[in-house]
Amino acid sequence: TIRPVRRSYYDPSSAPGKGVVWEWENDSGSWTPYDMDVGITIQRAYEKQHPWVDLSAIGFCYVIDFATMGQINRQTQRKRRVRRRLDMVYPLVSGTLPKSQSWPASPGAAAAPPVPACACPQCLLVMSVKATMSATGPGTATLQPRKAPAVPPATPKAPAPAPGTKAPDSMATVRGSLKPLAAQGSRRQAVSTPTLSSASSNTSPPGAGSGKASRPGLGTLNRNHLQRLAIAQSRVLIASGVPTVPVKNLTGSSPVNPALAGITGILMSAAGLPVCLTRPPKLVLHPPPVSKSEIQSIPGISHTCRKTTKKQAKKGKTPEEVLKKYLQKVRHPPDEDCTICMERLSAPSGYKGPQLAIKPDLVGKLVKCGHVFHLHCLVAMYNNGNKDGSLQCPTCKTIYGVKTGTQPPGKMEYHIIPHALPGHSDCKTIRIIYNIPPGVQGPEHPNPGKSFTARGFPRHCYLPDSEKGRKVLKLLLVAWDRRLIFAIGTSSTTGESDTVIWNEIHHKTEFGSNLTGHGYPDINYLDNVLAELAAQGITEESLAQEKD
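Residues numbered from 1 in each chain as written. Predicted model: local features only at pLDDT ≥ 70, side-chain atom pairs only at ≥ 80, totals over all residues. Heavy atoms only, no water.

- With an unreviewed UniProt entry as reference, the protein chain is termed E3 ubiquitin-protein ligase, source organism Rynchops niger.
- For the protein chain, the Catalytic activity (unreviewed entry) comment in UniProt is given as "S-ubiquitinyl-[E2 ubiquitin-conjugating enzyme]-L-cysteine + [acceptor protein]-L-lysine = [E2 ubiquitin-conjugating enzyme]-L-cysteine + N(6)-ubiquitinyl-[acceptor protein]-L-lysine."
- A UniProt comment under Subcellular location (unreviewed entry) is attached to the protein chain, and it reads "Cytoplasm". (UniProt positions renumbered as here; feature names shortened; annotations may be inferred.)

See the structure below:
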């Protein structure tokens, strides 16, 4: 594979310039450094005394919490420890390399002093690969310095290979931007450089064609030419017996973190293996700019905005009166446990809270699902909930009545924009904009009278403007009216308490990518969100109830 490479400069005020290294703890308990760009981003936020930093902007679905020094996976919510330590300032060695370390190595150059062996898994991997390559004979390549010497040292030239033979040293592959040396025209056939020799140079004598027109530059080759060139080069490498070490699971779907890609590349390069480094794909959160004249209302849905106000308390019904609608009394309780208090149903309820008007030994059965509980336990559970006239079975989650939530007041906007989502090129896009301001918690919230924050608003979400997409939107409007989209609690990504959080109904917040798992294409998303809405008691029957 042929890819462009570049040399990066790190400012002395950045993390590598100061010798700051950020590391995360892997499953074996050892510490792994973040990729250079990731460490710089973390250090910048740390120096600005931010409480946390979201790495999704640079293509990683992680949040670093400086208060707990932890890394949180936004998809799985898995947490790992992180640490900040001081190391040698980058680069570790400054100035020009001594001639004894130039490439190719001078004959009789003094060997470097032995370095104590390291027992870490990474170094063991490198040493084992080097040992394997040494045992297979010639073909290994030495590390190359950042700059090629202006005049190559006088070294014995290798004889030109006969036509039809393979280059003996095809291991010196893509690892730098070294200019081709005339004396090495036949020895380094597999080196990717800013200029590429033609196919006939494989059998030409050394020094032939150093500046001929048969050397097209990379800039003059189109994509198809580069692909054909890469395929031809890979065949040469494979035919030459180049060992390959596959680097898998770099998308974050396994314990192998994407940040390991750069580290693995460095290790493979140090071991003399061909390696290709790529940058993560770009995060695309928002569509291209849309003018007001391009925004359209959604057919079949009135208005383009909906607001919610504070909850209106329902009066006149006691918990006992509410539960009476959904229960049947059981005269002879079954020989099993009450799943609320974990006491036997034949014994009194184990609830130890405030005294209730119901006797602790009474037992009732929910009429839809048939699960049996102490009446005392059900009343206590209802009093600890939203007290909105609905009940949800704690065993199977069946909903009785109309479930409502504790979403704070806000506004929901929805309209069509003239852009297509990835995977839905046959239709336009429904854009939803949620906006909830910070405020003070009410009696239904975790800490009444205490202020709450609202981070990340307005939040933009996207649906395909298809038949199923419009169905999801209609049900989301019902969920919004019932105050089920958001809640107030503790954020699982930042750890902040008393803040507005999502409430178990997933939304797609990435427009043109799917790096964090909250974007498109996702062929199962619409079906999954319909199931999540149904779990909140919102189905097509709910649409008819809202009309009534």
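Quick word on the overall build of the protein chain
No. 1: What the protein chain contains, in helices and strands, is 10 helices and 19 strands.
No. 2: Looking at the 548 residues of the protein chain, the share that counts as buried comes to 37%.
No. 3: In the protein chain, 63% of the contacts between residues at least 6 apart in sequence involve partners at least 24 apart.
No. 4: As displayed, the protein chain offers around 31,400 Å² of accessible surface, 56% of which is attributable to carbon and sulfur atoms. (Helix = DSSP H or I, 4+ residues; strand = E, 2+ residues; numbered from the N terminus. Buried < 20%, exposed > 50% of the residue type's maximum accessible area, 1.4 Å probe, protein only. Contact = heavy atoms within 4.5 Å. Areas by Shrake-Rupley, 256 points an atom, 1.4 Å probe, with all protein chains shown as cover.)

Let's talk about the sheet that holds strand 13 (residues 410-417)
No. 1: Spatial strand order, 7-13-14-17: 4 strands in an open sheet with antiparallel pairing. Two strands close off the open sheet at either side, each with one partner strand: strand 7 (305-308) and strand 17 (459-464). Taken over all neighbouring pairs, the strand axes of this sheet differ in orientation by 20 degrees on average, direction set aside.
No. 2: Bridge analysis of strand 14 (residues 429-435) against strand 17 gives 6 bridges, and the strand direction is antiparallel. Counterpart to Ile432 in the pairing with strand 17 is Cys461.
No. 3: Against the sheet, helix 8 (residues 467-481) makes contact with strand 7, strand 13, strand 14 and strand 17, and its axis sits at roughly 170 degrees relative to strand 13, the strand it touches most. (Pairing = 2+ DSSP bridges. Axes fitted to C-alpha atoms, helices over the stretch in contact; angles between N-to-C directions.)

Looking at helix 2 (residues 36-47)
No. 1: The end-to-end C-alpha separation of helix 2 is 16 Å, in line with the 16 Å expected for 12 residues at 1.5 Å each.
No. 2: Along helix 2, the residues that are buried comprise Val38, Gly39, Ile40, Thr41, Ile42, Gln43 and Ala45.
No. 3: On the buried face of helix 2, the contacting elements are helix 1 (15-18), strand 1 (20-25), strand 3 (52-54), strand 4 (62-65) and strand 6 (79-86).
No. 4: Count one or two residues on from helix 2 and you reach Gln49, which has phi positive near 60 degrees. (Expected span 1.5 Å × (residues − 1).)

Considering the state of the cysteines
No. 1: Taken as a whole and assessed by the stated rule, the structure comprises 0 disulfides.
No. 2: You can see Cys377 has no disulfide; the closest cysteine sulfur is in Cys341, sitting 3.7 Å from it. (Disulfide = S-S within 2.5 Å.)

Re the layout of surface pockets
No. 1: When its volume is computed, the second largest pocket comes out at roughly 1,300 Å³.
No. 2: Elements with a contribution of two residues or more to the lining of the second largest pocket: strand 3, strand 17, strand 19 (499-502) and helix 9 (525-535).
No. 3: Partitioned by chemical class, the residues of the lining of the second largest pocket number 12 nonpolar, 19 polar and 10 charged.
No. 4: If you count residues domain by domain, the lining of the second largest pocket takes at least three from each of domain 1 (16-86) and domain 3 (292-309 + 404-545). (1 Å grid on protein atoms, 1.4 Å probe; cavity = no way out; pocket = protein on both sides within 12 Å on 5 of 7 lines; lining within 4 Å. Points joined across faces, edges and corners; volume = space filled by probe spheres on them. Nonpolar A, V, L, I, M, F, W, Y, C, P; charged D, E, K, R; others polar. Domains from an automatic or database assignment.)

Side note on the packing of aromatic side chains
No. 1: The final tally for this structure, using the stated rule, is 11 aromatic pairs.
No. 2: Their ring planes at 70 degrees and their centres at 5.5 Å tell us that Tyr46 and Phe66 sit as a pair that is edge-to-face. Of this pair, Tyr46 sits in helix 2 while Phe66 is found in the loop between strand 4 and strand 5 (70-73), placing the two residues 20 residues apart along the sequence.
No. 3: Clustering of aromatic rings is evident, with ring pairs tying together Tyr434, Phe457, Trp480, Phe486 and Trp502.
No. 4: For the cation-ring pair, Lys368 lies above Tyr400, with the distance from its terminal atom to the ring centre recorded as 5.4 Å. (Phe/Tyr/Trp six-rings, centres within 6.5 Å; stacked < 30°, edge-to-face > 60°. Lys NZ or Arg CZ within 6 Å of the ring centre and 35° of its normal.)

Quick look at the nonpolar core
No. 1: In terms of nonpolar packing, the biggest core is built from 39 residues, with Met412, Ile432, Tyr434, Leu463, Leu473 and Leu476 touching the most fellow members.
No. 2: Per element, the largest residue contribution to this core is 8 residues, and it comes from helix 8.
No. 3: For Ile432, the residues in contact, after removing those within four places along its chain, are Met412, Glu413, Tyr414, Arg459, His460, Cys461, Leu463, Leu473 and Leu476.
No. 4: Listed in part, the 20 residues of the second largest apolar core include Leu323, Tyr326, Val372 and Tyr382. (Core = buried A, V, L, I, M, F, W, Y, C linked by side-chain atoms within 4.5 Å.)

Notes on unusual backbone geometry
No. 1: Note that the residue after Phe457, namely Pro458, is joined by a cis bond; omega there is 0 degrees.
No. 2: Inspection of the secondary structure assignment puts Pro458 in the loop between strand 16 (451-452) and strand 17.
No. 3: Note the cis peptide between Tyr520 and Pro521, where omega equals 5 degrees.
No. 4: In this structure, Pro521 sits in the loop between strand 19 and helix 9.
No. 5: One non-glycine residue, Met69, lies in the positive phi region at around 50 degrees.
No. 6: Along the polypeptide, Met69 turns up in the loop between strand 4 and strand 5.
No. 7: One non-glycine residue, His303, adopts positive backbone phi at about 65 degrees.

Observations regarding the environment of Val322
No. 1: The residue Val322 is located in helix 6 (residues 319-324) in this model.
No. 2: Note on Val322: relative accessible area 2%, which makes it buried.
No. 3: Separated by 79 residues in sequence, Val322 and Gly401 place their C-alpha atoms 9.4 Å apart.
No. 4: When sequence neighbours within four positions are dropped, the list of residues in contact with Val322 reads Lys317, Tyr382 and Gly389.

Considerations on the pattern of salt bridges
No. 1: Using the criterion set out here, one finds 18 salt bridges in the structure.
No. 2: Between Arg74 and Asp54 there is a salt bridge; the shortest N-O distance is 2.9 Å. Of the two residues, Arg74 sits in the loop between strand 5 and strand 6 while Asp54 sits in strand 3, which places them 20 residues apart along the sequence.
No. 3: Residue classification places Arg74 among the partly exposed residues on the basis of a relative accessible area of 21%.
No. 4: Members of the salt-bridge network, linked through shared partners, are Glu23, Arg83 and Arg85. (Salt bridge = Lys/Arg side-chain N within 4 Å of Asp/Glu carboxyl O.)

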